[in-house]
Amino acid sequence: MSAIEYRSANVDGLKIFYREAGAADAPALLLLHGFPTASHMFRDLIPLLADRFHIIAPDLPGFGQSDMPARGKFAYTFDHLADVIGRFTEVIGLDRFAMYVFDYGAPTGFRIAVKHPERISAIISQNGNAYEEGLGDAWAPVQRYWREPTPENREALRNALDPAGLRSQYIDGVPNPERVAPESYILDTVLMARPGNMYIQLDLFLDYANNVKLYPAFQEYFRRSKPPLLAIWGKHDPFFIPPGAEAFKRDNPNATVQFLDTGHFALETHVEEIALAMRQLLAKTAS
């Protein structure tokens, strides 16, 4: 088993924390986490793949162990997050890699793919959406905030950021919630409590509307570049629902879809199944 190392990179003055494992000359695999977590979500996946791949799993700015600049000094938008992570790959010397994208990691990674399609060897999308039909009913309060960004609608989203709301991200739709390790959402709760972090997350909720506006650009990338793509989906996810996974096949003949009997954080309950499916895809495509 390859040991995981915990590193930081200086990206234009910003500290980006990342986990690294596997041989440096092995095919590269970039793991991009989602809300409300960090690269901690990949703690069980990395050891299952590090014998074959060079794995890099960064924390987005404002998440996990990466720097969390004040909102007045750093624009918390998905465009900016993608710019930082794109530069991060350059700083650490990743010139071609497969991507695992989940939740927020999807609009971050898809922006990188649109900008640099030549760098992407394959995509694994685990509940990482790029289609409007993939947005579930759970988005309704956020969509209301997009339409009317009033203080009242912003305040209404705070429940999603309290301890019960963060826990629900992990257990909603999971047939056996006792399989979800509590330290996952407890860690997220502790990090959310950092001064200013809740406001950062509310900013990102508002900016998520710009991801939806970019869905046509992401879809054009799929049509044009046709990357080998696995959409592996927790089918009970209330946020990103199964039609979003199926839609990849409409634009990319190299897309395959697999559903798992779980919710949003599928790695918490189905890490072995996901690792096996990734190995099968990447065995054909890694270069």
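Just so it is clear, the model here is predicted, and its values are computed rather than measured. (Residues numbered from 1 in each chain as written. Predicted model: local features only at pLDDT ≥ 70, side-chain atom pairs only at ≥ 80, totals over all residues. Heavy atoms only, no water.)

1. Concerning the overall build of the protein
Working step 1: Looking only at helices and strands, one finds 11 helices and eight strands in the protein.
Working step 2: Computed over C-alpha atoms, the radius of gyration of the protein comes to 17 Å, within 12% of the 19 Å expected from 2.2 N^0.38 for 287 residues, which places it in the range of a compact globule.
Working step 3: Viewed in the frame of its principal axes, the protein has a C-alpha envelope of about 50 × 40 × 40 Å.
Working step 4: Per-residue burial for the protein yields a buried fraction of 57% across its 287 residues.
Working step 5: Partitioning the contacts of the protein with sequence separation of at least 6, the portion at a separation of at least 24 is 76%.
Working step 6: Total accessible area on the protein is roughly 11,600 Å²; 52% of this is exposed by carbon and sulfur atoms. (Helix = DSSP H or I, 4+ residues; strand = E, 2+ residues; numbered from the N terminus. Rg over C-alpha atoms; globule rule 2.2 N^0.38 Å. Buried < 20%, exposed > 50% of the residue type's maximum accessible area, 1.4 Å probe, protein only. Contact = heavy atoms within 4.5 Å. Areas by Shrake-Rupley, 256 points an atom, 1.4 Å probe, with all protein chains shown as cover.)

2. A short note on helix H11 (residues 267-285)
Working step 1: The terminal C-alpha atoms of H11, which comprises 19 residues, lie only 22 Å apart, well short of the 27 Å expected from a rise of 1.5 Å per residue.
Working step 2: Its axis deflected by about 40° at Glu 273, H11 carries its strongest bend there. (Expected span 1.5 Å × (residues − 1). Bend = angle between axes of the 7 residues up to and from the residue.)

3. As for the pairing of strand S4 (residues 54-58)
Each regular strand shows side chains that alternate between the opposite faces of the sheet.
Working step 1: Judged by how many residues are buried, S4 sits mostly within the fold: five of five residues are covered.
Working step 2: Side chains His 54, Ile 56 and Pro 58 project from S4 onto one buried face, and the interleaved Ile 55 and Ala 57 project onto a second face that is buried too.
Working step 3: Both strand S2 (residues 14-21) and S4 contribute to a ladder of four bridges, which runs antiparallel. Within S4, the residue paired with Glu 20 across the bridge is Ile 56.
Working step 4: As judged from the three bridges shared by strand S3 (residues 28-32) and S4, these two strands associate in the parallel manner. Bridge pairing in S4 links Ala 28 to His 54. (Pairing = 2+ DSSP bridges.)

4. What about the nonpolar core?
Working step 1: Among the nonpolar cores identified, the biggest contains 61 residues, and Met 99, Tyr 104, Phe 110, Ile 123, Tyr 208, Phe 222 and Phe 248 are the most heavily contacted of them.
Working step 2: At 11 residues, the largest contribution of residues to this core is made by helix H8 (residues 197-225).
Working step 3: What Tyr 208 contacts, discounting residues up to four positions off in sequence, is Phe 78, Tyr 104, Pro 107, Trp 139, Trp 146, Tyr 215 and Phe 240. (Core = buried A, V, L, I, M, F, W, Y, C linked by side-chain atoms within 4.5 Å.)

5. Re the side chain of Thr 89
Working step 1: Of note, Thr 89 is situated in helix H2 (residues 78-91).
Working step 2: A polar contact of 2.6 Å, which involves the side chain of Thr 89, links it to the backbone oxygen of Gly 86. (Polar contact = N/O pair within 3.5 Å; in protein donor to acceptor, adjacent residues only side chain to side chain.)

6. Notes on the sheet that holds S2
Working step 1: Taken in spatial order, the eight strands line up as S1-S2-S4-S3-S5-S6-S7-S8 in an open sheet, and their pairing is mixed. Each edge of the open sheet is held by one strand with a lone partner, namely strand S1 (5-11) and strand S8 (255-260). Taken over all neighbouring pairs, the strand axes of this sheet differ in orientation by 25° on average, direction set aside.
Working step 2: Sheet topology places strand S6 (residues 120-125) next to strand S7 (residues 229-234); three bridges connect them, and they run parallel. By the bridge assignment for S7, Ile 123 is matched with Leu 229.
Working step 3: Each of S1, S2, S3, S4 and strand S5 (97-101) is contacted by H2, which is oriented at about 110° to S1, the strand it contacts most.
Working step 4: Contacting S3, S5 and S6, helix H3 (residues 105-115) runs over the sheet at an angle of about 155° to S5. (Axes fitted to C-alpha atoms, helices over the stretch in contact; angles between N-to-C directions.)

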